[in-house]
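# Breakdown of the fold
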Amino acid sequence: MHASAIAHPNVALIKYWGKRDIAENLPAVGSLSVTLGALSTETTVEFDPALKRDVLVLNGHEQPLEQGRLTACMDAFRALAGSDEYATVTSVNDFPTGAGLASSASGYAALVTAAAAALGLDQHESGSSPGSGLIDVARIGSGSAPRSLFGGVVLLSIDEHGTNCRQLTAPAEWPLSVAVAVTTESKKNITSRDGMEQSRLTSPFYEEWIHSHADDLNAGIRCAEAHDFPALGKLAEHNCLKMHSVMMTTQPALLYWSPVTLACMYKVMSLRADGIPVFFTIDAGPQLKAVCLPDALATVTAALHDVPGVLRIIAGELGEGASVADR
Ligand code: PMV
């Protein structure tokens, strides 16, 4: 009745920000992401008939503030698996938690993968990819978690039935690299979940963000299918800045960048002006992710490392989807 799984965080190149249905935690729009092989979460799920509630221990500490979404995700899992037992979930990240590095995505992807293995549930209802049941359960935990069930370049789309998720290109099929410039190890003050709802309610740009999103997503899919790195970079930076303009015009303002984030953005733009194939993206936190072609990774890593205020660089290739850990 216990199993462990490993998942990698992901970073969206065409992002989502805002919910269509808060109770179902259904994103308002689809998204396109890359899975980050250099960062990992390992999660163990142990079902126990003696427990009266689910318990989450993250990086060695119990997490009472996370109880609501843990219970929602585990309830959805129990409904899928036909089980009524609670579980202890023990999770460890090898990177900063709650700081805009998608720890909730890797966390909930690893959780559902481990929970399914613990109960012997067929995770791959058909074929070799996680089934739609598990994708929906992961989404209840975090809107970006289904993407971490898959490796390489991943598409999450939303339709009347809920969430669909699939791999567009495998890591070996279109090798890309990512250098994460860590600018703080601290947690953000406002969660994505709360922030995006504030944006929906108050940003004058929110409606346009939603309205123009399908064009960005469709263009992103075409770029990925054509392995067109320059076009994807242009589009991803535009989509990122569009999301941040919604965040900044939320009331009260969500200004996730620090001066170091901005300095890293300028550095990436100057590298590109010098002919280096690289672009940036930034989520709900001050860390900058630089996506580049593998031959450029050493140059990009060294350049970002030299930006004053950057604490460290976490760099690597694209990762695979969540998998059960052999024990
Ligand atoms: O659902 P969450 O809490 O993982 O929100 C993700 C929000 C962004 O990272 C800013 C965008 C995205 O698509 O990953």
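What counts as what
Residues numbered from 1 in each chain as written. Predicted model: local features only at pLDDT ≥ 70, side-chain atom pairs only at ≥ 80, totals over all residues. Heavy atoms only, no water. Helix = DSSP H or I, 4+ residues; strand = E, 2+ residues; numbered from the N terminus. Buried < 20%, exposed > 50% of the residue type's maximum accessible area, 1.4 Å probe, protein only. Contact = heavy atoms within 4.5 Å. Lys, Arg positive; Asp, Glu negative; His and termini not counted. Charge placed at Lys NZ, Arg CZ, Asp CG, Glu CD. Pairing = 2+ DSSP bridges. Axes fitted to C-alpha atoms, helices over the stretch in contact; angles between N-to-C directions. Salt bridge = Lys/Arg side-chain N within 4 Å of Asp/Glu carboxyl O.

### Section: the overall build of the protein
Broken down by element type, the protein carries nine helices and 16 strands. Expressed as a percentage of the 327 residues in the protein, the buried residues total 56%. Sequence-distant contacts in the protein: of pairs separated by 6 or more residues, those separated by 24 or more amount to 74%. Of the side-chain charges in the protein, 22 are positive and 35 negative, and the distance between the mean point of each set is 5 Å.

### Some words on the environment of Asp 215
Summarising the element assignment, Asp 215 is placed in helix H6 (residues 213-226). Accessibility expressed as a relative area gives 56% for Asp 215, which makes it exposed. Taking C-alpha positions, Asp 215 is 27 Å from Ile 276, a pair spaced 61 residues apart along the chain.

### Describing unusual backbone geometry
Residues apart from glycine generally show negative phi values, whereas peptide bonds are mostly found in trans. Residue Pro 252 is bonded to the preceding Gln 251 through a cis peptide linkage, with omega at -5°. Locating Pro 252 in the fold gives a position in the loop between helix H7 (229-248) and helix H8 (259-273). Despite not being glycine, Asn 59 shows a phi value in the positive range, around 50°. Not every positive phi belongs to a glycine, and His 227 is a case in point at roughly 55°.

### Quick word on the sheet that holds strand E1 (residues 2-7)
Strands sit in the order E8-E7-E9-E6-E1-E16 across an open sheet of six strands; the sheet is mixed. Edge strands, defined here as strands with exactly one partner in the open sheet, are strand E8 (61-62) and strand E16 (323-324). Examined bridge by bridge, strand E6 (residues 41-47) and strand E9 (residues 87-93) share seven bridges and lie antiparallel to one another. Each bridged residue has a counterpart across the sheet, and for Phe 47 the counterpart in E9 is Ala 87. Seen against the sheet, helix H1 (residues 67-81) touches E6, strand E7 (55-58) and E9 and runs at an angle of roughly 120° to E9. Sheet strands touched by helix H2 (residues 103-118): E1, E6, E9 and E16. Its angle to E6, the strand with the most contacts, is close to 40°.

### Looking at helix H4 (residues 192-202)
Count 3.6 residues to each turn of an α-helix, and residues three or four apart come out pointing the same way. For H4, the set of buried residues is Gly 195, Met 196, Glu 197 and Ser 199. Those residues of H4 that are buried are in contact with strand E3 (19-21), helix H5 (206-211) and H7.

### Notes on the pattern of salt bridges
Overall, the coordinates contain twelve salt bridges when judged by the stated rule. The partner of Glu 185 in a salt bridge is Arg 312, with the nearest N and O atoms 3.0 Å apart. Of this pair, Glu 185 sits in the loop between strand E12 (177-182) and H4 while Arg 312 sits in strand E15 (residues 312-317), and the two are 127 residues apart along the sequence. Note on Arg 312: relative accessible area 32%, which makes it partly exposed. Ionic pairing is found between Asp 283 and Lys 289, a salt bridge with its closest N-O pair at 3.1 Å. With relative accessibility at 2%, the residue Lys 289 sits in the buried group. Several salt bridges share partner residues, and in doing so they unite Lys 15, Asp 283 and Lys 289 into one network.

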